[in-house]
Amino acid sequence: MNTTVADTAPSRFLCHEEPHAPNGTLLGFWLYLMSDCFIFASLFACYAVLGTSTAGGPAAAEVLDLPGLAVNTALLLVSSVTFGFAMLEMARKNQRAMLAWLAVSGLLAVGFVTLEIHEFLGMIAEGAGPGRSAFLSSFFTLVGTHGLHVSVGILWLIVLMVQLGRFGLTEANVRRLQCLSMFWHFLDLVWVGVFSFVYLAGVLR
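Criteria and thresholds
- Residues numbered from 1 in each chain as written.
- Predicted model: local features only at pLDDT ≥ 70, side-chain atom pairs only at ≥ 80, totals over all residues.
- Heavy atoms only, no water.
- 1 Å grid on protein atoms, 1.4 Å probe; cavity = no way out; pocket = protein on both sides within 12 Å on 5 of 7 lines; lining within 4 Å.
- Points joined across faces, edges and corners; volume = space filled by probe spheres on them.
- Helix = DSSP H or I, 4+ residues; strand = E, 2+ residues; numbered from the N terminus.
- Nonpolar A, V, L, I, M, F, W, Y, C, P; charged D, E, K, R; others polar.
- Buried < 20%, exposed > 50% of the residue type's maximum accessible area, 1.4 Å probe, protein only.
- Lys, Arg positive; Asp, Glu negative; His and termini not counted.
- Salt bridge = Lys/Arg side-chain N within 4 Å of Asp/Glu carboxyl O.
- Polar contact = N/O pair within 3.5 Å; in protein donor to acceptor, adjacent residues only side chain to side chain.
- Contact = heavy atoms within 4.5 Å.
- Axes fitted to C-alpha atoms, helices over the stretch in contact; angles between N-to-C directions.
- Parallel < 35°, antiparallel > 145°, perpendicular 65-115°, else oblique.
- Left-handed = near helix turned anticlockwise from the far one by under 90°.
- Expected span 1.5 Å × (residues − 1).

Visitor: Would you mind going over empty space enclosed by the protein with me for this structure?
Guide: Tallying each qualifying case throughout the model produces 1 cavity of 30 Å³ or more. If you add up the space inside the largest cavity, you get close to 40 Å³. Lining the largest cavity are L76, V150, G153, W184, L187 and D188. If you list the elements that add at least two residues to the lining of the largest cavity, you get α5 (134–167) and α6 (171–204). Sorting elements by how many residues they give to the lining of the largest cavity places α6 first, with 3 residues. Here the lining of the largest cavity is composed, by residue class, of 4 nonpolar, 1 polar and 1 charged.

Visitor: How do you make sense of the side chain of D188 when you look at a structure like this?
Guide: Here D188 is to be found in helix α6. No salt bridge forms around the buried D188; measuring N to O, its nearest opposite-charge neighbour R92 is 19 Å away. A polar atom in the side chain of D188 sits 2.8 Å from the side chain of S80. In this view, D188 contacts L76, L77 and S80; residues no more than four positions away in its chain are not counted.

Visitor: What should I look at first to understand the packing of helix α1 (residues 24–50) against α6 in this one?
Guide: For any two helices packed against each other, one specifies the inter-axial angle together with the distance between the axes. Packing of α1 against α6 brings their axes to within 11 Å, and their N-to-C directions diverge by 15°. Between α1 and α6, the angle falls in the class roughly parallel. Judged by the sense of rotation from one axis to the other, the crossing of α1 with α6 is right-handed. Residue-level inspection shows T25, L26, F29, W30, Y32, L33, D36, C37, F40, F44, Y47 and A48 of α1 in contact with α6, the latter providing R175, Q178, C179, M182, F183, F186, V190, G193, V194, F197 and V198. Partitioning the contact of α1 with α6 into residue classes produces 18 nonpolar, 3 polar and 2 charged.

Visitor: What should I look at first to understand helix α3 (residues 66–91) in this one?
Guide: What sets the pattern is the α-helix's 3.6 residues per turn: residues three or four places apart point alike. Between the first and last C-alpha of α3 there are 38 Å, a value that for 26 residues agrees with the 38 Å anticipated at 1.5 Å per step. Listed in full, the buried residues belonging to α3 are L69, N72, T73, L76, S79, S80, T82, F83, A86, M87, E89 and M90. Residues of α3 that are buried sit in contact with α4 (95–125), α5 and α6. Among the residues of α3, the N-terminal cap falls to D65, whose side-chain oxygen and the backbone nitrogen of G68 are separated by 3.4 Å.

This is the structure:
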């Protein structure tokens, strides 16, 4: 009776690249956003403690411009809406419309940063720079940190739009766009806190 001898050679499994864990990037980015929450919470806490320490310098009501801030806030909040439209077009696989909405979001964010820089330069020209008092130091640090985040988001958006234009809606690009969307809306939520706690409360104090 013949018996078949199994091949004792070890099986070979070829993997040319490390497989990407499902939703691993999104989970990691959520963890990053949580760490960013701690950063902004610390800056809000500093402002809460130092916000009234003017050292004889100008108070918030004297240097903050609410009408100009209303335009600034509208630009950022509308950019969040247009980014949402871009995500909807991404879900429909309509790349041209998606890129158009992303471009609108980027332009609105550029307008926001431009007005914020104009506000900072105007305050410094009036002698209300970050070195004038503890209040102004905490103000410039909090608002400036948020503006820096928005600037990074704009740069990220430009790079991602180039990648989308070259490679299309690949799995990696979709994942990156989802992360940027979370980052963009997170900054809008932080700005609502800045607007309410720093500007409105400062002027009405």
